[in-house]
Amino acid sequence: MQSVVPTYQVKLLQSQTKASRGGADADLNSIGLVPDRPDGYLRLKQMTLGREEAVITKVSSTGYSGRMRDDAYFTFVLQGAGRYDVQISGRDYGMSSGSLLAFRPNERQTLVRAGETGTREATTLQLPIARMQQLAQAMGTSV
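Rules behind the numbers
- Residues numbered from 1 in each chain as written.
- Predicted model: local features only at pLDDT ≥ 70, side-chain atom pairs only at ≥ 80, totals over all residues.
- Heavy atoms only, no water.
- Helix = DSSP H or I, 4+ residues; strand = E, 2+ residues; numbered from the N terminus.
- Buried < 20%, exposed > 50% of the residue type's maximum accessible area, 1.4 Å probe, protein only.
- Contact = heavy atoms within 4.5 Å.
- Areas by Shrake-Rupley, 256 points an atom, 1.4 Å probe, with all protein chains shown as cover.
- Core = buried A, V, L, I, M, F, W, Y, C linked by side-chain atoms within 4.5 Å.
- Pairing = 2+ DSSP bridges.
- Axes fitted to C-alpha atoms, helices over the stretch in contact; angles between N-to-C directions.
- pLDDT = per-residue confidence, 0-100.
- Salt bridge = Lys/Arg side-chain N within 4 Å of Asp/Glu carboxyl O.

## Examining the overall build of the chain
Thought 1: In terms of helices and strands, the chain carries two helices and 11 strands.
Thought 2: Traced from its N-terminal end to its C-terminal end, the chain shows the element sequence β-α-β-β-β-β-β-β-β-β-β-β-α.
Thought 3: Counting the 143 residues in the chain, one finds 40% classified as buried.
Thought 4: For the chain, contacts bridging at least 24 residues in sequence account for 64% of all contacts bridging at least 6.
Thought 5: For the chain, the exposed area adds up to about 7800 Å²; of that, 53% sits on carbon and sulfur atoms.

Listed below in structure tokens is the structure:
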């Protein structure tokens, strides 16, 4: 059975990536992701805004697949190079370069593939549920 990577545990995921091979590359298998090639990597550069309120992550990888979960965050993915295919609740979504995908807390199956540069590049923004509700209320709408 494939494990689920809890992406909402940003500090845990970040510490695991820093601990592997002494740098910012993650041993993808150690965090429950399956690399698309033996020398595959995942690099994360993260910044937390406010009191653990929002997390911005620059993601670079050679490609991987796996199950991911966000229990407490809304996630916005800005796709740079490569392709990001995701299945959420039985529905398939695909992102090519230059696209944006936003989703509420969920569990999903992901397939990340490198682009012409040999990497997949993306930036994510994760906002806690409570903060998204505040923003929606301020705009006179709902999450």
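## Some thoughts on the nonpolar core
Most often, soluble globular proteins have nonpolar side chains that are buried together.
Thought 1: Counting residues in each nonpolar core, the largest one holds 17 residues, and the members touching the most others are L33, L42, Y64, V77, Y84, L101 and F103.
Thought 2: Where this core is concerned, the elements lending two or more residues are β3 (42–49), β5 (63–70), β7 (83–88) and β9 (100–103).
Thought 3: Element by element, the count of residues in this core is highest for β7, at three residues.
Thought 4: For Y84, the contacting residues outside a window of four places in its chain are V77, Q79, Y93, G94, M95, L101, F103, R108, T110, L111, V112 and R120.

## Structural notes on the environment of I56
Thought 1: Relative to the assigned elements, I56 resides in strand β4 (residues 54–61).
Thought 2: Take I56: its relative accessible area is 28%, and that puts it in the partly exposed class.
Thought 3: Residues I56 and T123, spaced 67 residues apart in sequence, show a C-alpha to C-alpha distance of 7.1 Å.
Thought 4: Setting aside anything within four residues of it in sequence, one finds I56 in contact with K45, Q46, M47, L49, T123, T124 and L125.

## Thoughts on the sheet that holds β3
Thought 1: As summarised here, the arrangement of the five strands in space is β3-β4-β11-β6-β9, forming an open sheet in which the pairing is antiparallel. In this open sheet, the two edge strands, each paired with only one partner strand, are β3 and β9. Each neighbouring strand pair of the sheet contributes to a mean axis angle of 15°, computed without reference to strand direction.
Thought 2: When strand β6 (residues 73–79) meets β9, the two strands line up antiparallel, connected through four bridges. Following the sheet pairing, T75 is matched in β9 by F103.

## What about the pairing of strand β11 (residues 120–128)?
Thought 1: Summarising the sheet, β4 and β11 pair through seven bridges and their orientation is antiparallel. When the bridges of β11 are listed, S60 appears paired with E121.
Thought 2: The pairing of β6 with β11 spans seven bridges and is classified as antiparallel. Paired with Y73 across the two strands is P128, which belongs to β11.

## Focus: the side chain of T124
Thought 1: Inspection of the secondary structure puts T124 in strand β11.
Thought 2: Classification of T124 by relative accessible area gives buried; the value is 13%.
Thought 3: In this structure T124 touches V55, I56, T57, F76 and V77, once residues within four positions along its chain are discounted.

## Here we look at the confidence of the model for the chain
Thought 1: Scored by pLDDT, the chain comes out at a mean of 80, with 79% of its residues at no less than 70.
Thought 2: Highest mean pLDDT in the chain belongs to β7 (93); lowest belongs to helix α1 (residues 10–19) (48).
Thought 3: This stretch, residues 8–12, has a pLDDT under 50; its non-local contacts, to residues over four places away or in other chains, come to nine contacts.

## Focus: the pattern of salt bridges
Thought 1: All told, the structure shown has seven salt bridges when counted by the stated rule.
Thought 2: Residues R67 and E107 are paired through a salt bridge, measuring 3.1 Å at the closest nitrogen-oxygen approach. Here the residue R67 occupies a position in strand β5, and E107 occupies one in strand β10 (residues 106–113), the gap between them amounting to 40 residues.
Thought 3: Where R69 meets D71, a salt bridge forms, and the shortest distance between an N and an O atom there is 3.2 Å.
Thought 4: What emerges from the salt-bridge pattern is a single network uniting R83, D85 and R113.

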